[in-house]
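Tertiary structure, described
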Amino acid sequence: LQIDLSEDLRDQARRALAMGYLYAELDPPTSAVAPLQEAKRALEKLSRESPGDQGVVAALADCLSLIAKHAENDALAKTSLEQLVALRENSVRDDPRAASAIDHFDAHWQALDADDLPEDAVTRLDQLVAAGKEIVKNWPADPAEAYEAACRLTLREAALSNQKP
């Protein structure tokens, strides 16, 4: 992957993510890791330059999840999942709405590992339960937000979101 240095960080991230997404769909998908790591570096820089940009946070979370999924190296996969959990924990602290809590729950779910030591598995399950309670605690009263949260939780497209009558 060659990146044009004249591109801004957002375009660098877009280009690298695009390549990573496409490679991830091939068989074998391991060639996806290099462009995803490039995207991760650009997204991390973007997140420092634009703290609170939820689009950058979502893209970085997706990138970390894919790196963990396709990494041949267990250490890289584990580090990526730990970074994903930390990113989502920060997000839920900054934005306690249900959508952030759902993403936080999902990060803990992805971090569960059958190879964990029993005490680590118990800790991870406790974190998962706590993240689930955050979803309930922050469930929105607004119908549009409740709809979007339910769609996110059930992995459905929020077809009625942001539509004008």
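About the cut-offs
- Residues numbered from 1 in each chain as written.
- Predicted model: local features only at pLDDT ≥ 70, side-chain atom pairs only at ≥ 80, totals over all residues.
- Heavy atoms only, no water.
- Helix = DSSP H or I, 4+ residues; strand = E, 2+ residues; numbered from the N terminus.
- Rg over C-alpha atoms; globule rule 2.2 N^0.38 Å.
- Buried < 20%, exposed > 50% of the residue type's maximum accessible area, 1.4 Å probe, protein only.
- Contact = heavy atoms within 4.5 Å.
- Lys, Arg positive; Asp, Glu negative; His and termini not counted.
- Charge placed at Lys NZ, Arg CZ, Asp CG, Glu CD.
- pLDDT = per-residue confidence, 0-100.
- Axes fitted to C-alpha atoms, helices over the stretch in contact; angles between N-to-C directions.
- Parallel < 35°, antiparallel > 145°, perpendicular 65-115°, else oblique.
- Left-handed = near helix turned anticlockwise from the far one by under 90°.
- Nonpolar A, V, L, I, M, F, W, Y, C, P; charged D, E, K, R; others polar.

With that settled, consider the overall build of the protein. For the protein, the count of helices and strands is seven helices and zero strands. Element order for the protein, N to C, with α for helix and β for strand: α-α-α-α-α-α-α. On C-alpha atoms alone, the protein measures out to a radius of gyration of 17 Å, which is about the 15 Å that the 2.2 N^0.38 rule sets for 165 residues. For the protein, the proportion of its 165 residues judged to be buried stands at 37%. Counted over contacts in the protein with a minimum sequence separation of 6, partners at least 24 positions apart contribute 46%. Distance between charge centroids for the protein: 4 Å, based on 18 positive and 30 negative side chains.

Another aspect to go through is the confidence of the model for the protein. Here the protein averages 84 in pLDDT, and 90% of its residues register 70 or above. Mean pLDDT values for the elements of the protein range from 81 in helix α5 (residues 98–111) up to 94 in helix α2 (residues 33–49).

Turning to the packing of helix α3 (residues 54–70) against helix α4 (residues 74–94), a few remarks are in order. Their axes nearest at 8 Å, the elements α3 and α4 cross at an angle of 155 degrees. Taken together, the axis directions place α3 and α4 in an arrangement best described as roughly antiparallel. Classified by chirality, the crossing of α4 by α3 is left-handed. Between α3 and α4, the contacting residues are V57, A58, L60, A61, L64, S65, I67 and A68 on the first element and L76, A77, S80, L81, Q83, L84, L87, R88 and S91 on the second. When grouped by side-chain class, the residues that make up the contact of α3 with α4 number 12 nonpolar, four polar and one charged.

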